[in-house]
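Coordinate inspection notes
Residues per chain are reported as follows:
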Amino acid sequence: MQKLLTVALATILTALTSAAQALPDIKSWHTSRGAKVLFVAAPELPMVDVRLVFDAGSSRDGKQPGVAKLTSALLDQGAGGLSADEIARGLEQRGAELGGGSMRDMAWVSLRSLVDPGLLEPSLELFGKVLAKPDFPAEDFARQQKQMLIGLQYEKQKPAAIAKKNFYRKLYGEHPYASHPAGTEDSVKALDVVDLQAFYKHYYVARNATVVIVGSLDESQARKIAARLADSLPEGSKPPPLPPVTEPVKGSEVLIEHPSSQSHVLMGQPGLRRKDPDYFPLYVGNHILGGSGLVSRISEEIREKRGLAYSAYSYFIPMKKKGPYQLGFQTRNDQREEALQVLRDTLSGFIASGPTGKELAAAKSNIVSGFPLRVASNSKISEYLAVIGFYDLPLNYLNTFTAHVEAVTVEQILDAWKRRIHPEKMVTVIVGGRPEAARPSQ
Amino acid sequence: MRGLLALVLGLGISLAQAAPAVHEYMLDNGLKLIVKEDHRAPVMVSQVWYKVGSSYEHDGITGVSHVLEHMMFKGTKAHPAGEFSRIISENGGRENAFTSQDYTAYFQTMEKSRLKTSFELEADRMRNLTLPEEEFLKEVRVVMEERRMRTEDNPQSLTWEQFNATAYVSSPYRIPVIGWMDDLESMQIDDLRDWYRQWYAPNNATVVVAGDVNPDAVLELARRYFGPLKPSDIKPVKPRREIEQLGIKRLQVKAPAELPYLMMGYKAPVVLTADKSMEWEPYALEVLAGVLDGGSGARLASELVRGKSIAASASASYDAHDRLQSLFLLSGTPSRGHSARELETALREQLQKLKEEPVGKQELDRVKAQIRAQKVYEQDSIFYQAMQIGILETVGLGWREAGHYHRQIQAVTPEQVMAVAKKYLIDDHLTVAELVPQPIDPDHPPRRGGSGHVR
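These numbers were taken from a predicted model, which means no experiment stands behind them. (Residues numbered from 1 in each chain as written. Chains lettered and ligands numbered in written order. Predicted model: local features only at pLDDT ≥ 70, side-chain atom pairs only at ≥ 80, totals over all residues. Heavy atoms only, no water.)

1. Topic: the overall build of chain B
- Summing up its helical and strand segments, chain B has 17 helices and eleven strands in all.
- The C-alpha radius of gyration of chain B comes to 23 Å, within 12% of the 23 Å expected for a compact globule of 455 residues.
- Here the C-alpha coordinates of chain B stretch approximately 65 × 60 × 40 Å along the principal axes.
- Counting over 455 residues, chain B shows a buried share of 60%.
- Within chain B, counting contacts between residues at least 6 apart in sequence, those at least 24 apart form 81% of the total.
- Looking at chain B, you have 55 positive and 62 negative side-chain charges, and the mean spots of the two groups are 2 Å apart. (Helix = DSSP H or I, 4+ residues; strand = E, 2+ residues; numbered from the N terminus. Rg over C-alpha atoms; globule rule 2.2 N^0.38 Å. Buried < 20%, exposed > 50% of the residue type's maximum accessible area, 1.4 Å probe, protein only. Contact = heavy atoms within 4.5 Å. Lys, Arg positive; Asp, Glu negative; His and termini not counted. Charge placed at Lys NZ, Arg CZ, Asp CG, Glu CD.)

2. A few points about the overall build of chain A
- Helices and strands together make up the secondary structure of chain A, namely 17 helices and eleven strands.
- Scaling as 2.2 N^0.38, a compact globule of 442 residues should have a C-alpha radius of gyration of about 22 Å, and chain A matches this with 23 Å.
- If one aligns the C-alpha atoms of chain A with their principal axes, the spans along those axes are about 60 × 55 × 35 Å.
- Classification of the 442 residues of chain A by burial places 61% in the buried group.
- Entry remark: accessible area of chain A is about 16,700 Å², with carbon and sulfur atoms responsible for 54%.
- For chain A, the centre of its 53 positive side-chain charges and the centre of its 47 negative side-chain charges are spaced 3 Å apart. (Areas by Shrake-Rupley, 256 points an atom, 1.4 Å probe, with all protein chains shown as cover.)

3. Looking at the environment of B:Val207
All names here are of chain B.
- Assignment of secondary structure puts valine 207 in strand β6 (residues 205-211).
- For valine 207, a relative accessible area of 0% gives the class buried.
- Sequence spacing of valine 207 and leucine 31 is 176 residues, and the spatial spacing of their C-alpha atoms is 7.5 Å.

4. Concerning the pattern of salt bridges
- Counting across every chain of the model gives 58 salt bridges over all chains.
- Across the pair A:Arg112 and A:Asp49 runs a salt bridge whose closest N-O atoms are separated by 2.8 Å. Residue A:Arg112 is found in strand β5 (residues 107-114), and its partner A:Asp49 is found in strand β3 (residues 47-54); the two are separated by 63 residues along the sequence.
- The class of A:Arg112 is buried, set by a relative accessible area of 13%.
- A salt bridge links B:Glu139 to B:Lys74; its shortest N-O distance comes to 3.4 Å. A residue pair is termed long-range when its members are at least 10 positions apart, and B:Glu139 in helix α6 (residues 133-152) and B:Lys74 in the loop between α3 (64-71) and α4 (83-90) qualify at 65 residues.
- Looking at B:Glu139, the relative accessible area reads 2%, which means it is buried.
- In this structure B:Lys74 comes out as buried when scored by relative accessible area, which is 4%. (Salt bridge = Lys/Arg side-chain N within 4 Å of Asp/Glu carboxyl O.)

5. Examining the sheet that holds strand β10 (residues 323-332) of chain A
Residue and element names in this part refer to chain A.
- With respect to topology, five strands assemble into an open sheet ordered β7-β11-β8-β10-β9, the strand pairing being mixed. Of all strands in the sheet, those with a lone pairing partner are β7 (252-257) and β9 (312-316), marking the two edges. Along the sheet, successive strands turn relative to each other by an average axial angle of 15°, direction set aside.
- With ten bridges joining them, strand β8 (residues 262-272) and β10 adopt antiparallel strand pairing. In the sheet register, methionine 267 faces β10, and the bridge partner there is leucine 327.
- On the sheet, helix α12 (residues 336-353) packs against β7, β8, β10 and β11 (427-432) and is oriented at approximately 145° with respect to β10. (Pairing = 2+ DSSP bridges. Axes fitted to C-alpha atoms, helices over the stretch in contact; angles between N-to-C directions.)

6. What about the UniProt feature "domain: Peptidase M16 C-terminal" (unreviewed entry) in chain A?
- Sites flagged by UniProt as "domain: Peptidase M16 C-terminal" (unreviewed entry) map to residues 195-366 of chain A.
- Secondary structure content for residues 195-366 of chain A is 41% helix and 23% strand, while the C-alpha to C-alpha distance between its ends is 47 Å. (UniProt positions renumbered as here; feature names shortened; annotations may be inferred.)

7. What about the side chain of A:Asp231?
Residues and elements named next belong to chain A.
- Structurally, aspartate 231 is set in the loop between α9 (219-230) and β7.
- Among buried Asp, Glu, Lys and Arg side chains, aspartate 231 stands out as unpaired, with arginine 33 the closest opposite charge at 5.2 Å.
- Excluding residues within four positions of it along the chain, aspartate 231 makes contact with Thr31, Ser32, Arg33 and Ala226.

8. Some words on the UniProt feature "domain: Peptidase M16 N-terminal" (unreviewed entry) in chain A
- Within this structure's numbering, the places UniProt gives as "domain: Peptidase M16 N-terminal" (unreviewed entry) are residues 37-184 of chain A.
- Secondary structure content for residues 37-184 of chain A is 44% helix and 18% strand, while the C-alpha to C-alpha distance between its ends is 35 Å.

9. With respect to unusual backbone geometry
Residues and elements named next belong to chain B.
- One non-glycine residue, leucine 131, lies in the positive phi region at around 50°.
- Among the structural elements, leucine 131 can be located in the loop between α5 (115-127) and α6.
- Looking at leucine 131, the relative accessible area reads 3%, which means it is buried.
- Positive phi values are uncommon outside glycine, yet arginine 240 reaches one of about 45°.

10. Comments concerning the interface of chain A and chain B
- Residue-level contacts link 72 residues of chain A with 72 residues of chain B.
- When chain A packs against chain B, close to 6,600 Å² is buried across both sides, 56% of that on carbon and sulfur atoms.
- Here chain A and chain B share six salt bridges between them.
- With its nearest N and O atoms 3.0 Å apart, the salt bridge here joins A:Arg303 to B:Glu139.
- Inspection of the chain A/chain B interface yields 35 residue pairs in polar contact (both at pLDDT 80 or more).
- A total of seven residues in the side of chain A that touches chain B trace back to one element, the largest contributor, which is helix α5 (residues 138-155) of chain A.
- Looking at the side of chain A that touches chain B, its residues break down into 25 nonpolar, 27 polar and 20 charged. (Buried area = accessible area lost by both parts, 1.4 Å probe. Polar contact = N/O pair within 3.5 Å; in protein donor to acceptor, adjacent residues only side chain to side chain. Nonpolar A, V, L, I, M, F, W, Y, C, P; charged D, E, K, R; others polar.)

11. Brief notes about the sheet that holds β5(A)
All names here are of chain A.
- Taken together, six strands build an open sheet; the order of strands is β1-β2-β6-β3-β5-β4 and the sheet is mixed. Among the strands making up the open sheet, the edge pair consists of β1 (27-30) and β4 (97-102). The sheet shows a mean angle of 15° between the axes of neighbouring strands, taken without regard to direction.
- By the bridge criterion, seven bridges tie β3 to strand β6 (residues 209-215) in an arrangement that is antiparallel. In the strand pairing of β6, valine 53 is matched with threonine 210.

12. A closer look at the domain arrangement of chain B
Residues and elements named next belong to chain B.
- Once the domains are mapped, chain B shows domain 1 (22-227) and domain 2 (249-438).
- A straight line from the C-alpha centre of domain 1 to that of domain 2 covers 28 Å.
- The interface of domain 1 with domain 2 comprises 40 residues on the first partner and 38 residues on the second.
- In total, domain 1 and domain 2 occlude about 3,300 Å² of area from one another, counting both sides; carbon and sulfur atoms represent 69% of this.
- Residues glutamate 393 and lysine 32 are paired through a salt bridge, measuring 2.7 Å at the closest nitrogen-oxygen approach.
- Linking domain 1 to domain 2 there are 15 residue pairs in polar contact (both at pLDDT 80 or more).
- Going through the elements one at a time, β1 (22-26), β2 (32-37), β3 (43-50), β5 (104-111), α7 (155-167) and β6 are the ones with two or more residues in the side of domain 1 that touches domain 2.
- Looking at the side of domain 1 that touches domain 2 residue by residue, the classes come out as 22 nonpolar, eleven polar and seven charged. (Domains from an automatic or database assignment.)

13. Some words on the UniProt feature "domain: Peptidase M16 C-terminal" (unreviewed entry) in chain B
- In the numbering adopted here, UniProt assigns the feature "domain: Peptidase M16 C-terminal" (unreviewed entry) to residues 187-370 of chain B.
- Its end C-alpha atoms 45 Å apart, residues 187-370 of chain B is made of 39% helix and 21% strand.

14. Notes on the UniProt feature "domain: Peptidase M16 N-terminal" (unreviewed entry) in chain B
- Within this structure's numbering, the places UniProt gives as "domain: Peptidase M16 N-terminal" (unreviewed entry) are residues 35-177 of chain B.
- With 43% helix and 17% strand, residues 35-177 of chain B has end C-alpha atoms that lie 29 Å from one another.

15. Remarks on the packing of helix α10 (residues 279-291) of chain A against helix α13 (residues 357-369) of chain A
All names here are of chain A.
- Put simply, α10 and α13 touch, their axes get as near as 10 Å, and they point 105° apart. Overall, the two elements α10 and α13 adopt an arrangement that is roughly perpendicular. Contacts between α10 and α13 involve Tyr283, Val284, His287 and Ile288 from the first element and Glu359, Leu360, Ala363, Asn366 and Ile367 from the second.
- Split into classes, the residues belonging to the contact of α10 with α13 amount to six nonpolar, two polar and one charged. (Parallel < 35°, antiparallel > 145°, perpendicular 65-115°, else oblique.)

Now the structure itself:
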């Protein structure tokens, strides 16, 4: 025990020094039309990652669930008079990769390219068209709409997807986070090209954009690229803040029958905002409870000790407003009550007594020593920059992260968990078969 | 940086020289060590690769390589069950393992100064696993849950598993990596003990380290920790070549599902099995796969998903680096209003076109440009760099094949693409599987034959 702690402490000190060396030097500015830019020079590889992030995820769907996602899917299906084929081939001809997508909070478009001007220049040209001049051709719209409907149908054969969709719905009720990013069959069928154009005009604007650039460029090159991309968008304005999340007042349990051999179980409550004052005690506490893979308490109890599931976990998904705190596992139908009881006992035990000092030291050691891994590649740095920029986190977020983790005490964890985590008010969603032993609800 | 840029611009051939140096060593006990330096961040990945996987297994013990992989975390005398993961975790490491047809590999990604810890633990469990029965009895249940999650309850995976078991007759590639449920249910701790003794030895392992490390220092650590381990007498596996397929095979998989799904597979050679005078063939097949499915501008996306809108999704894949003769695969989901049969016809038309008309220069250039750029992008991940070395070494190709691969790809001609299409993508060597969706009705789960594990 004594030895373990000493080792952990030494570990933390070494890691801090090396983490400091490893941290990317973030430069930030605003373009003339008000887009926020974050740039990190990464001269080692002759490549660049550019990503534009917009507050244009499904939380902005309003009465048209699916519109954000379909808009994002249409961007590269015809732009600036070029067809989807011409855009795709134009980029692939230069070895460039186009990406994009949409979740609840954010929508993004990304480009990975070699930095050789002969390749980067035409790739940026095409990328700029996708971003600023999408044509939303009617035929491509109709096809993508069908694809979304097939996607919705596909989800119906996957118990994990059914569980997730219903979990958000139960958890968020009337809040925009409740709605499924892919919409519903009815809402997707009701969409029209005009809806997408309107959504695009409203949200894909400079003041609502964060531009992330990581790659083998100097700052003046990055400034030119950022300006070229972001300033081709109208200035626009940021959308109003989302309403706060109201917590469910009492617990509930839903059973959705599905002919699967396993039951997928999700339990949870609205959890954490990105800028939450309790962020670190909740994050570090959960690392011990269910967030650190096979060594966490939940995995230990459900998988290691009892062999009940392949994966058993808990995690916070921090978002603009309170994202979910989610605990879950999947197990053979006739074992789910047993596993659920173990999960509940493990959670309430943690809230009642918190972590041991030894557990806390081990968790800090893991997070702090593992910190360099979080920023070890251009892709990972890009993702962090997107989060920092989109959620308005301070530019020194990465530099202070480990110090915040180190400062967390057992008492702070106990206090935060008692105030914030309420097992009796949690939503439980079960998707699975009907074993003799299982009751339909509690 | 300028120099590098010029090389990228130039020929693909120069790229191999621009890539960071690889250092290769062999310890006296037969353990191979490969180090690739990459000093971009103060981290490293350490991977141990064993030449064993499901294609080394036989009926009755299928899945044993994968179950043993799980048991590798269940303790040695020096480090009892659970301690391995705890120590790695406290060192800030990410660890895991994976089993495939041709290999089983273990890895830790850690801050660069932690290599000693990784080596110490890996060397210990290479020869000193205790394999306690009570831990096995719990863990094999975990694996059954894993199988239920990944395969039993996933209609596309079920289709893939049955497709694979039908396509191959005598080749061990017919065995699912996770094993048949029946074999898992009757597996015993002695099966694992035998398997461990047989395959886990320094002379059946390759250790790959990539990242911010000094090769000499890595070698010294490897000598200290892996050096004292005794080698085993490793008997090479029998060839178990696939018998020649003499006609098309078709199967249907009926499972509760919403959407149909189609899989087609043609027997095709890989680098290791190709005729030496036809060394270019596997590379031409790689390019062919790229013409069909190398991004959104490739033929399947452009002509079947967009164009005719017959497919909701369609893909082609082929891996020249398998250990045994393999399959050129096509798969897809028909779009609404179209059947799996129509999708099959459309895919066959695509193949027919490849047999009749040479691929255009621009199209070929696009595939090559993508593969060239990929070589630069790959270097962003030290994990991937190490993984590539590990796979090539473990299947018996050697890490230098990566450079060879890129040169060979750049040399592929339109005529060669046409030639391999004509020679290998033929009906007599084809297996077609179709997922036939059954209603998702919890009251009437369809009967699943065979293993009686659905309780």
